[in-house]
Amino acid sequence: MSPERPPISTADVARSGLRLGFPTVLGEEVWWEEDRPAEAGRRTIVHRAADGTRRELIAAPWDARSRVHEYGGRSYVVVPGVGVVFVNHSDQRLYLTDGGTPRALTADSEHRYGDLLFAAGVVWCVRERHHDGKVDRALASVTLSGEVTEVVAGSDFYASPALSPDGEHLAYICWNHPRLPWTGTELRITRLEDGSSWTVKGGMSESVLAPQWRDNRNLYLISDWSGWWNLYQIGIFGTSSQALYPAEEEFAWPLWELGGLPYLVLGDGRLAVLHGQGDLRLGILDPETGSLADLDVPYSGWRPALSADGNALVGIAYGSDVPRSVVRVDIVTGRVEGLRRDIAELPDIAYLPKPRSVEIEGSFGRRVHAYLYPPPLAEPAPYVVFVHGGPTGHATTELSLEKAFFTTRGIGVLEVNYGGSTGYGRAYRERLRGQWGVVDVEDTVAAAQWLAAEGLADPARIAVRGASAGGWTVMASCAASTVFCGGVSIAGVSALAPLVAATHDFESRYVEWLVGPESLYSSREPLSRAAEVSCPMLLMQGLADPVVPPAQAEAFATALTDRGVPCTYLSFEGESHGFRRLESKTAALAAELAFYEQLFRPEPEN
């Protein structure tokens, strides 16, 4: 089933997870975030000087991670000529550093900070307060001497503060329970002189994202008013709304993390934009003519975290055979420079699987998007269906040593973007509204059946794996169908009532949108259907997970073992929602491979 000496080890995969993110460019200098798997997953900030030298700005035990909305996002902001302001993970305070010992800006308190912007001499940010079992949020300004001023309050959630060029108005996104940032948000403006505020665009059923100023009286924004997240221009009083490039493409990703920018205003007034279905391409849009031209770059996709200074642009780009990289692009000359790669050394490119975008016919003729990663062996082969988390998320074709780890061992991968995934318009993601545990399961099962029908997979050797919401779909799929010979769930949701009771504020009404009233819980949740599971399962869980507590996996494992269904439960001390430590990632992948080898081994001949 596998080559004698597979070229990719568990350690290779674990070490590859630098998780580069959120770059910033000013002149010839660039900054970005970078994880340290060998240092318990600590996140640092890296500065690349004009001469190309790199240095870490914060050393252990400092860890630059925001916990606003629990998922955080951009953890730092550059203060030109001074240093960077960042959020320290352990206490969630703001600190200022130039590479020396960080200096605290905010008091040790019950506040968290995120979505940092430096403008007009102060840091603008989302401030989240946890007190008496409640959470409230505001937009605030923080001076470099540590004075904190609340600027806007009253909504449940805030994101994307943007100060007008003249400093008179603050634009931002806000929304209230039970909405989520991909179901309904508002673009609002506050006049800083008197605190008056008004809504410019958005509402209950329109997702507006990423406001940026064109000039003192006009903004750019992204809205899914047409059914796709497209770019618009609008006046500050909601007048003269204009679509800049109407297309059945997405110009943004869902707002799980704060601080990312999916488009930018360049020095000459044009816009650098990300757009596409599934993967996002980098292009230049002229708002005056409506023309859009993609740049010729050796990357097939970009994450929505751009930064620009004049005609210099930096972002996080990837390809199917190019690691996630911090990339600098000169818009005038077209010069492309990779500054840092997620994976320092790649195996021979021949060992990397070449993804193929496929469309599968699901239940009731529904179209289901997926990416196929075939192994280099004769068909039919054993396969694993990968299910992404979220569930309002999506899979891309980004190079993954994890997938190559399996394909080089003769195991194919099919990664399914089931109904509810982003990247394919609002109607596609709203298939999951009230249907979690139904549509995602039907589409995942259909993906496995397609593999068998096409002769790609051995029907007796198809497994399924997923993390978080993907783990829910794994467990539910193993209960709903016998198409899978085994399943792997990582931090998977098994029961809804405990999830609703224990989940954090950002997702506290998510199940209401995904499933509906409590009366439907038992018909959807995997734990209530554990008696229908007959295939072996591997469950893995971080013991410090605040999003999906360990009790979820423990209860499902008990329900299976009590019935005699083979189930292995592995817990990881100190790990949260997803594994960050080198030793945890290595052990988890080794356990997963051993599980598949046991599942896929040939039946003994009589």
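About the thresholds
Residues numbered from 1 in each chain as written. Predicted model: local features only at pLDDT ≥ 70, side-chain atom pairs only at ≥ 80, totals over all residues. Heavy atoms only, no water. Helix = DSSP H or I, 4+ residues; strand = E, 2+ residues; numbered from the N terminus. Rg over C-alpha atoms; globule rule 2.2 N^0.38 Å. Buried < 20%, exposed > 50% of the residue type's maximum accessible area, 1.4 Å probe, protein only. Contact = heavy atoms within 4.5 Å. Areas by Shrake-Rupley, 256 points an atom, 1.4 Å probe, with all protein chains shown as cover. Lys, Arg positive; Asp, Glu negative; His and termini not counted. Charge placed at Lys NZ, Arg CZ, Asp CG, Glu CD. 1 Å grid on protein atoms, 1.4 Å probe; cavity = no way out; pocket = protein on both sides within 12 Å on 5 of 7 lines; lining within 4 Å. Points joined across faces, edges and corners; volume = space filled by probe spheres on them. UniProt positions renumbered as here; feature names shortened; annotations may be inferred. Phe/Tyr/Trp six-rings, centres within 6.5 Å; stacked < 30°, edge-to-face > 60°. Lys NZ or Arg CZ within 6 Å of the ring centre and 35° of its normal. Expected span 1.5 Å × (residues − 1). Pairing = 2+ DSSP bridges. Nonpolar A, V, L, I, M, F, W, Y, C, P; charged D, E, K, R; others polar. Axes fitted to C-alpha atoms, helices over the stretch in contact; angles between N-to-C directions. Disulfide = S-S within 2.5 Å. Salt bridge = Lys/Arg side-chain N within 4 Å of Asp/Glu carboxyl O.

1. Section: the overall build of the protein
What the protein contains, in helices and strands, is ten helices and 36 strands. For 606 residues, the compact-globule estimate of 2.2 N^0.38 gives 25 Å, and the C-alpha radius of gyration of the protein, at 24 Å, lies within 12% of that figure. Structurally, the protein occupies a C-alpha span of about 85 × 55 × 50 Å along its principal axes. A buried classification covers 59% of the 606 residues belonging to the protein. The long-range fraction of contacts in the protein, counting pairs at least 24 apart against all pairs at least 6 apart in sequence, stands at 56%. Accessible area of the protein: about 22700 Å², with a carbon and sulfur share of 48%. Averaged over its 53 positive side-chain charges, the protein has a centre that lies 1 Å from the centre of its 76 negative ones.

2. With respect to empty space enclosed by the protein
Scanning the entire structure with this criterion turns up one cavity of 30 Å³ or more. Taken as a whole, the largest cavity spans an internal volume of roughly 50 Å³.

3. Brief notes about the UniProt feature "domain: Peptidase S9 prolyl oligopeptidase catalytic" (unreviewed entry) in the protein
Feature annotation in UniProt places "domain: Peptidase S9 prolyl oligopeptidase catalytic" (unreviewed entry) on residues 399-600, given in this structure's numbering. For residues 399-600, the end-to-end C-alpha separation is 25 Å, with 42% helix and 17% strand making up the annotated structure.

4. Concerning the environment of Arg-581
Within the secondary structure, Arg-581 is located in the loop between strand S36 (567-572) and helix H10 (582-600). The exposure class of Arg-581 is partly exposed, given its relative accessible area of 26%. Residues Arg-581 and Thr-407, spaced 174 residues apart in sequence, show a C-alpha to C-alpha distance of 24 Å. Ignoring anything within four residues of it in the chain, the contact list for Arg-581 reads Pro-37, Ala-40, Gly-41, Glu-573, Gly-574 and Glu-575.

5. A few points about the packing of aromatic side chains
By convention here, two paired aromatic rings are described through the distance between centres and the angle between planes. Using the criterion set out here, one finds 24 aromatic pairs in the structure. An aromatic cluster of at least three residues, connected via ring pairs, comprises Tyr-71, Phe-157, Trp-175, Trp-182, Trp-256, Phe-506 and Tyr-510. Across the ring face of Tyr-76, the terminal group of Arg-74 is positioned such that the distance to the ring centre comes to 5.4 Å. Above the ring of Tyr-232, the side-chain terminus of Lys-201 is found at 5.6 Å from the ring centroid.

6. A look at H10
Here H10 spans 27 Å end to end across 19 residues, near enough to the 27 Å set by a 1.5 Å rise per residue. Every buried residue of H10 is listed here: Ser-584, Lys-585, Ala-588, Leu-589, Ala-591, Glu-592, Leu-593, Phe-595, Tyr-596, Leu-599 and Phe-600.

7. Things to note about the sheet that holds strand S7 (residues 94-97)
If you walk across this open sheet you meet the four strands as S5-S6-S7-S8, and the pairing is antiparallel. Strand pairing shows two members of the sheet lacking a second neighbour, strand S5 (76-79) and strand S8 (103-104), which therefore form its edges. Pairing of S5 with strand S6 (residues 83-87) involves four bridges; the strand directions are antiparallel. Its bridge partner being in S6, Val-78 is matched across the sheet by Val-84.

8. Things to note about helix H5 (residues 469-480)
The terminal C-alpha atoms of H5 lie 16 Å apart, and with twelve residues this matches the ideal 16 Å at 1.5 Å per residue to within 8%. Across the twelve residues that make up H5, a large majority, eleven, are buried. Of the residues making up H5, those classed as buried are Ala-469, Gly-470, Gly-471, Trp-472, Thr-473, Val-474, Met-475, Ala-476, Ser-477, Cys-478 and Ala-479.

9. Quick word on the layout of surface pockets
If a probe the size of a water molecule is rolled over the atoms, the empty space left behind becomes visible. In this model, the second largest pocket occupies a volume close to 1000 Å³. Around the second largest pocket, the lining comprises 37 residues; the ones closest to its centre are Leu-117, Phe-118, Gln-212, Leu-261 and Leu-264. Of all the secondary structure elements, the ones that give two or more residues to the lining of the second largest pocket are strand S1 (21-26), S5, strand S9 (111-119), strand S13 (157-163), strand S17 (208-215), strand S21 (263-265) and strand S25 (301-309). When the residues that make up the lining of the second largest pocket are grouped by side-chain class, the tally is 26 nonpolar, eight polar and three charged.

10. Some details on the sheet that holds strand S32 (residues 412-417)
One open sheet accounts for eight strands, arranged S29-S30-S32-S31-S33-S34-S35-S36; its pairing is mixed. Across the chains shown, the open sheet's two edge strands, defined by having one partner strand only, are strand S29 (356-361) and S36. Across this sheet, the average inter-strand angle for adjacent strands is 20°, counted without regard to direction. The sheet contact formed by strand S35 (residues 537-542) and S36 spans six bridges and is parallel. Directly across from Leu-538, in S36, lies its bridge partner Thr-568.

11. Thoughts on the state of the cysteines
For the structure on display, the rule yields zero disulfides. With no disulfide of its own, Cys-125 has Cys-174 as its nearest cysteine by sulfur position, at a separation of 16 Å. You can see Cys-567 has no disulfide; the closest cysteine sulfur is in Cys-535, sitting 9.9 Å from it.

12. Things to note about the pattern of salt bridges
Applying the stated rule across the entire model yields 44 salt bridges. The salt bridge involving Arg-281 is made with Asp-294; its shortest N-O contact spans 2.8 Å. Here the residue Arg-281 occupies a position in strand S23 (residues 281-286), and Asp-294 occupies one in strand S24 (residues 291-294), the gap between them amounting to 13 residues. Taking relative accessible area as the criterion, Arg-281 reaches 33% and is therefore assigned partly exposed. According to the relative accessible area criterion, Asp-294 is partly exposed, its value standing at 39%. Taken together, the shared-partner salt bridges connect Glu-34, Arg-36, Glu-39, Arg-42, Glu-56 and Arg-340 into one network.

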